[in-house]
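Structural overview
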Amino acid sequence: MNALSQPPPLKISEAKIVSSLRISVFTKPDFFTPNTAPPSRSDPLIYSRFTGGATVPERRRMSGAAMATSNVDATDDRIARIASTIRVIPDFPKPGILFQDITTLLLDPKAFKDTIDLFVERYKDKNINVIAGIEARGFIFGPPIALAIGAKFVPMRKPKKLPGEVISEEYSLEYGTDIMEMHVGAVQPGENAVIVDDLIATGGTLNAAISLLGLNLNAGRVGVTVVECACVIELKELKGREKLGDNPLFVLVSET
């Protein structure tokens, strides 16, 4: 009997991680008071985390920013910890794209909790009735925020995902269009909403969510106030903030 041949050794390819994240906390003037004090530390060494346990040191410059609430400012260790757990994968899902991967943040229970806590501290006691989460990663951050502040969670989904009667909003992407849907009756006149997603790029998705929250299938506008859009990451080069117009945006980490 011939001896079984040994399988070739497994080759593990290490992903190249390219990242330049700058801490930025943006404020809504009537909510919070700016603080222009300089940061307590500068240019710390942050480690980008990989699945599989490998780490690669990477120098990132962390800038000071305005105070968000009496409990949070840009030198808060929680924000640096959040930034350190986000990995950036080049050429995914296609060449030329630097993909901001928050799955590594979710692998770190402390950083994940810090992320939720920062949003909860911002919106608690602010009479927020609705946390609207955008499919799909808004579904990760939105529900725990909603539970913590006593608000309802409203999923904003891709077409044909919701079983009941829906209203829809079409919006433009870089190549083509897409549609976002929400259940009829999910929001009511006079409610205050915060829209949650993991990232803002060109702003098209958030802008569609803002429009959708103001629609009613039978009676036009329902009078829902979008208090703010909340994201973990902002890609500033894509100028998505400008597309939101006067609608405020709050982010924890901004890519330079």
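A quick note: this is a predicted structure, and the numbers were derived from the prediction, not measured. (Residues numbered from 1 in each chain as written. Predicted model: local features only at pLDDT ≥ 70, side-chain atom pairs only at ≥ 80, totals over all residues. Heavy atoms only, no water.)

Here's the deal with the overall build of the chain
- For the chain, the helix and strand inventory stands at six helices and 14 strands.
- Split into buried and exposed, the 256 residues of the chain put 45% on the buried side.
- Sequence separation of at least 24 residues holds for 63% of the intrachain contacts in the chain that already meet a minimum separation of 6.
- Accessible surface, the chain: about 13400 Å² in total, of which carbon and sulfur atoms supply 53%. (Helix = DSSP H or I, 4+ residues; strand = E, 2+ residues; numbered from the N terminus. Buried < 20%, exposed > 50% of the residue type's maximum accessible area, 1.4 Å probe, protein only. Contact = heavy atoms within 4.5 Å. Areas by Shrake-Rupley, 256 points an atom, 1.4 Å probe, with all protein chains shown as cover.)

Observations concerning helix 3 (residues 109-123)
- Between its first and last C-alpha atoms helix 3 spans 21 Å; for 15 residues at 1.5 Å apiece the expected length is 21 Å, and the two agree.
- The complete set of buried residues in helix 3 reads Ala 111, Asp 114, Thr 115, Ile 116, Leu 118, Phe 119, Val 120, Glu 121, Arg 122 and Tyr 123.
- The N-cap of helix 3, judged by a side-chain oxygen 3.1 Å from the amide nitrogen of Lys 110 a few residues on, is Asp 108.
- Directly after helix 3, the chain includes Asp 125, whose backbone phi takes a positive value near 60°. (Expected span 1.5 Å × (residues − 1). Polar contact = N/O pair within 3.5 Å; in protein donor to acceptor, adjacent residues only side chain to side chain.)

Quick word on the side chain of Glu 234
- With respect to the secondary-structure elements, Glu 234 resides in strand 13 (residues 225-235).
- A relative accessible area of 3% means that Glu 234 is categorised as buried.

Quick word on unusual backbone geometry
- Omega for the peptide link from Phe 92 to Pro 93 comes to 5°, which places this bond in the cis form.
- For Pro 93, the position within the fold is in the loop between strand 4 (87-90) and strand 5 (98-101).
- Phi angles above zero are rare outside glycine, and Asp 125 is one such case at about 60°.
- Along the chain, Asp 125 turns up in the loop between helix 3 and strand 6 (130-134).

A look at the nonpolar core
- Judged by nonpolar contacts, the single largest core of 29 residues is most densely connected at Ile 82, Phe 119, Tyr 123, Ile 131, Val 194 and Val 232.
- Within the residue set of this core, elements represented by two or more residues are helix 1 (77-85), helix 3, helix 4 (138-149), strand 10 (192-200), strand 13 and strand 14 (249-255).
- With six residues, helix 3 is the largest single contributor of residues to this core.
- In this structure Val 232 touches Ile 82, Ile 86, Leu 105, Thr 115, Phe 119, Phe 141, Asp 197, Asp 198, Val 251, Leu 252 and Val 253, once residues within four positions along its chain are discounted.
- In terms of nonpolar packing, the next biggest core, distinct from the first, is built from 27 residues, Ile 167, Met 182, Val 187 and Leu 213 among them. (Core = buried A, V, L, I, M, F, W, Y, C linked by side-chain atoms within 4.5 Å.)

As for the pattern of salt bridges
- Inspection of every chain in the model, using the stated rule, returns 11 salt bridges.
- The closest approach of N and O atoms between Glu 135 and Arg 157, which form a salt bridge, is 3.0 Å. Residue Glu 135 is located in the loop between strand 6 and helix 4, and its partner Arg 157 is located in the loop between strand 7 (152-156) and strand 8 (166-172); the two are separated by 22 residues in the primary sequence.
- Residue Glu 135 is classed as buried on the basis of its relative accessible area, which comes to 17%.
- Arg 157 sits in the partly exposed class, given a relative accessible area of 23%.
- Through salt bridges that share partners, Asp 76, Arg 78 and Glu 121 make up one connected network. (Salt bridge = Lys/Arg side-chain N within 4 Å of Asp/Glu carboxyl O.)

Quick notes on the layout of surface pockets
- The computed volume of the largest pocket comes to approximately 1400 Å³.
- For the largest pocket, the lining is made up of 38 residues, of which Leu 173, Leu 199, Ala 201, Thr 202 and Leu 238 are closest to its centre.
- Of all the secondary-structure elements, those providing two or more residues to the lining of the largest pocket are strand 5, strand 8, strand 9 (177-183), strand 10 and helix 5 (204-213).
- Tallied by class, the residues present in the lining of the largest pocket amount to 18 nonpolar, eight polar and 12 charged. (1 Å grid on protein atoms, 1.4 Å probe; cavity = no way out; pocket = protein on both sides within 12 Å on 5 of 7 lines; lining within 4 Å. Points joined across faces, edges and corners; volume = space filled by probe spheres on them. Nonpolar A, V, L, I, M, F, W, Y, C, P; charged D, E, K, R; others polar.)

Here we look at the pairing of strand 8
- Of the two faces of strand 8, only one is covered, namely that formed by Ile 167, Glu 169 and Tyr 171; the face formed by Val 166, Ser 168, Glu 170 and Ser 172 stays uncovered.
- By the bridge criterion, seven bridges tie strand 8 to strand 9 in an arrangement that is antiparallel. Residue pairing across strands places Glu 170 opposite Ile 179, the latter belonging to strand 9. (Pairing = 2+ DSSP bridges.)

Overview of the environment of Ile 233
- When you line up the elements, Ile 233 lands in strand 13.
- Taking the C-alpha atoms as reference points, Ile 233 and Asp 198, 35 residues apart in sequence, are found 6.3 Å from one another.

All quantities given are derived from atomic positions and should not be read as evidence of function.
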